[in-house]
Amino acid sequence: MKQQLPISDYARLSDEDLVHRYAQRNDRNAVTVLFDRYGHLVLGLCIKELGGATRAQELTRAVFIDMLDELPKFRIDHFKSWLYRYVKQRCAGRGSDIFDALRSRDGEYWVNDDHQVRMMLEQAIEPVDAGGVLKTLPQDERTALGHFYGEQQTHETVARRMNSTPARIKKLLQKGRINLRNKLEIIAEVRK
Amino acid sequence: MNGELKHIFDASACLTRRQIREYIGGNLSVEERHAADHHLNSCMFCSDAMDAYQAGAKSLAGMEALNNGFLKEYFARHSPQVHLNSMALSAVVPVRKSRSNRKSVLLRPSGIVAAVLLLAGAVWYMEFDGDQFKGGGRDAAAVTSASAAVQAERPPVVKLQQETIIADKPAPSTMPVTEPLKPAATVVAAVPEPPAKKTEDRSEKPLTQKTKAAENTAAKSVASSRSPGVSHHADQKPANPESGAGLLNLSTEERIAPADEKNPQTDQDATMPAKEEAKDDAGSLFQAGKYNAALGSYKKLMNSGDKRTRQDATLMAARCYMNLGQKDNALQLLESLAATGSGPQKRTAKRMLRLMNNEPEE
């Protein structure tokens, strides 16, 4: 008979492995590790959405308690994306129908998109003209992407150089990444 | 160049509490901070949480206070932890709970229900079968009761015979055992249902009061017998309605019945006017309280050839005895009348006997 994993070994398991261990084996240590990974993020998201720390803490507890019943019902490929959507909808005041909505869209999350882009770039036989793709982006986005990824700078540094704020730079970078991903996906489709 | 673009989409682990705390506190090196910013560009979860924690120190304190104690409490409150880790299948793809398990869970109660229904059906069948084997126990009873119901609609004599066979209930005392069939009008007039109830109500009163009431009523009955017919009965009013209410109704019915019975005898009895006068005299004496004189007159009338006159006289003689305090003689006359008499006089005699013996009205 196999022995149960030591607590320290749970940190090496992926989110999906932990979910699987709980759903299939009722391994409660797996849930505890998931909470240690994402509990503070859930709380932060609830604070941002709800505006109050007290209500956010209550909702955070409720999310994880309800999740104990719901996890075995799902086939979750990307737990973090699933949890993000779940918390957002709980904050929006939706009830038990959240899970129905999530069930129908299982696996179609934004995390998965990055993964697909990476796979496309790795498998591309012909190199992608990065300069040409970047030129199609808006100027501020292109500049922010160049400073941040090309020069390995932080948000604050880029913000100083662009006479902006770190928060605005973060938004620019996020939007630039999304636009760049969309362009690369179009290129990948054309090449097929 | 693909490597540079790929670097933009590199995945990294979410920020830990310590990283968030140090990021906000500005305690990260440039490389660490760039790595954190890199992750924040791609992870909306961490980015939103970071926005919240950067907004206020209170939020950060909430993060520090967050612990998994509630999960342990929840696990402790619910079923104890079962380490299924070692028993779990090494399935790679987790699938939803199989439907076979649900079916098996659903089959349990349905199986129990089916078993109960089968058992109930078997018991019912056995009972039904047993009834058939019992034979005619119930069937015979049903037939008997049905025949009794049919016979209840027949005339009293036939009913008496059937009741004797079935032996369920005794014949009602108001129905004469040996009484022959009467004309319909006579039977209707002889059924004193409402008056019987009134008599029953009055039966709780002392005997003397009832006896006096009966005496008054009987005296009036005798006196009114001179004018036969229902019309006379309709005009008749009791002299003392309160005291004679118990037997008054009965006596009025008695007055109707003799009128019907009397008609065929009118031609035969040539001495009727004389007897009527004697009755009137006796009745006058009785009402005057001269019970001895009245008793003598009634004794003469008791030898009359007319049965109805004889019975009336016997009844009144018994009342005279009662007023004279000779209860034994009164009882003797009433018993003889109840045994050999007929018609309303007989019923009146029986009622008087019951009143004297303090027996309940039937």
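This is a predicted model, so every value here is computed, not measured.

**Q** Before we move on, can you summarise the overall build of chain A with the specific residues and values?
**A** Secondary structure assignment for chain A yields ten helices and zero strands. Along chain A, from the amino end to the carboxyl end, the secondary structure elements read α-α-α-α-α-α-α-α-α-α. Residues counted as buried form 35% of the 192 residues belonging to chain A. Contacts spanning at least 24 positions in sequence make up 56% of the contacts within chain A whose residues lie at least 6 apart.

**Q** So what's going on with the overall build of chain B? Residues and values would help.
**A** For chain B, the count of helices and strands is 19 helices and zero strands. For chain B, the proportion of its 362 residues judged to be buried stands at 28%. Taking contacts inside chain B between residues at least 6 apart in sequence as the whole, the part at least 24 apart equals 59%.

**Q** So what's going on with the confidence of the model for chain B? Which residues, and what values?
**A** Residues and elements named next belong to chain B. For chain B, per-residue confidence averages 65 on the pLDDT scale, and 49% of positions sit at 70 or higher. Below a pLDDT of 50 lies the segment residues 217-270, which in the model reaches 86 contacts outside its immediate sequence neighbourhood of four places, other chains included. Two numbers describe this predicted complex: its pTM, 0.47, and its ipTM, 0.85.

**Q** Could you give an account of the nonpolar core, with specific residues and numbers?
**A** Core analysis: the largest hydrophobic core is formed by 45 residues, its most contacted members being A:V42, A:C46, A:V87, B:C46 and B:A49. Listed by contribution, the elements that provide at least two residues to this core are helix 1 (15-25), helix 2 (28-50), helix 3 (53-70) and helix 4 (79-91) of chain A together with helix 2 (17-25), helix 3 (30-42), helix 4 (44-55) and helix 5 (57-65) of chain B. A total of twelve residues in this core trace back to one element, the largest contributor, which is helix 2 of chain A. Every residue in contact with A:V87, bar those within four places of it in the chain, is listed here: A:V42, A:L45, A:C46 and A:V63. If you look at the next biggest cluster of nonpolar residues, it comprises 23 residues, including B:L285, B:L295, B:Y321 and B:A349.

**Q** Residue-level account of the packing of helix 8 (residues 139-150) of chain A against helix 10 (residues 166-191) of chain A, with values.
**A** Residue and element names in this part refer to chain A. Two elements in contact, helix 8 and helix 10, have axes whose closest approach is 9 Å; the angle formed by their N-to-C orientations is 100 degrees. One way to sum up the angle between helix 8 and helix 10 is to call them roughly perpendicular. Contacts from D140, E141, A144, L145 and F148 of helix 8 reach helix 10 at I169, L172, L173, K175, G176 and N179. Tallied by class, residues from the contact of helix 8 with helix 10 come to six nonpolar, two polar and three charged.

**Q** Explain the packing of helix 2 of chain A against helix 4 of chain A residue by residue, including any values.
**A** All names here are of chain A. Contact geometry for helix 2 and helix 4: axes closest at 10 Å, N-to-C directions at 35 degrees. For the pair helix 2 and helix 4, the sense of crossing is right-handed. Between helix 2 and helix 4, the residues in contact are Y38, V42, L45, C46, E49 and L50 and L83, V87, K88 and C91, respectively. For the contact of helix 2 with helix 4, the per-class residue count stands at eight nonpolar, no polar and two charged.

**Q** Account for helix 4 of chain A, with residues named and values stated.
**A** In a regular helix each residue adds 1.5 Å, so 13 residues correspond to 18 Å; helix 4 of chain A covers 18 Å between its end C-alpha atoms and thus fits that length. Phi turns positive, to about 95 degrees, at A:G93, one or two residues after helix 4 of chain A.

**Q** Report on unusual backbone geometry, specifying residues and quantitative values.
**A** Only a minority of non-glycine residues have a phi that is not negative, and only a minority of peptide bonds are not trans. Residue and element names in this part refer to chain A. Despite not being glycine, N26 shows a phi value in the positive range, around 55 degrees. Tracing the backbone through its elements, the reader meets N26 in the loop between helix 1 and helix 2. N26 sits in the partly exposed class, given 19 other C-beta atoms within 10 Å. At Q152, a residue that is not glycine, the phi angle is positive and equals roughly 55 degrees. As for its placement among the helices and strands, Q152 is situated in the loop between helix 8 and helix 9 (155-161). Here Q152 falls in the partly exposed class, since 14 other C-beta atoms lie within 10 Å of it.

**Q** Tell me what's going on with helix 19 (residues 343-356) of chain B, and back it up with residues and numbers.
**A** All names here are of chain B. With 14 residues, helix 19 ought to run about 20 Å at 1.5 Å a step, and its terminal C-alpha atoms sit 20 Å apart, in line with that. Taken residue by residue, helix 19 has P344, Q345, R347, T348, A349, K350, R351, M352 and L355 as its buried positions. Just downstream of helix 19 lies N358, where phi reads positive at about 60 degrees.

**Q** With reference to specific residues and values, describe the environment of B:K327.
**A** All names here are of chain B. Among the structural elements, K327 can be located in helix 18 (residues 327-340). The exposure class assigned to K327 is exposed, which follows from the 12 C-beta atoms found within 10 Å. In this structure the C-alpha to C-alpha distance between K327 and M356, which are 29 residues apart in sequence, comes to 8.9 Å.

**Q** Tell me about the confidence of the model for chain A, and name the residues and values.
**A** When pLDDT is averaged along chain A, the result is 81, and 81% of the positions lie at 70 or above. Considering only residues more than four positions removed or in separate chains, one finds that residues 104-111 of chain A, a stretch of pLDDT under 50, has 16 contacts.

The rules behind each value
- In this numbering scheme, every chain counts its residues from 1 along its sequence in written order.
- Ligands are numbered from 1 and chains lettered from A, in the order in which they are written.
- Owing to the predicted nature of the model, reporting of local features is limited to residues with pLDDT of at least 70; listing and counting of side-chain atom pairs is limited to 80 or more, with chain, interface and lining totals taken over all residues.
- Think of it this way: any DSSP run of H or I at least four residues long counts as a helix, any run of E at least two long counts as a strand, and we number them from the N terminus.
- Our exposure labels follow a C-beta count within 10 Å of each residue's own C-beta, placed from the backbone: buried means 20 or more other C-beta atoms, exposed means 12 or fewer, and partly exposed covers the counts in between.
- Any two residues are considered in contact once their C-beta atoms, placed from the backbone, lie within 7 Å.
- Looking at any residue, its pLDDT shows the predictor's confidence there, from 0 to 100.
- For our purposes the nonpolar core covers buried Ala, Val, Leu, Ile, Met, Phe, Trp, Tyr and Cys residues that link as a set through C-beta atoms within 7 Å.
- Lines are fitted to the C-alpha atoms to define the axes, a helix being fitted only along its stretch in contact, and any angle between axes, read from their N-to-C directions, falls within 0 to 180 degrees.
- Roughly parallel means an angle under 35 degrees; roughly antiparallel means over 145; roughly perpendicular covers 65 to 115; every other angle is labelled oblique.
- Three classes are used: nonpolar for Ala, Val, Leu, Ile, Met, Phe, Trp, Tyr, Cys and Pro, charged for Asp, Glu, Lys and Arg, and polar for all others, with Gly counted as polar.
- Helix crossings fall into two classes, left-handed where the near helix is turned counterclockwise from the far one by less than a right angle and right-handed where it is turned clockwise.
- Helix span is expected to be 1.5 Å times the residue number reduced by one.

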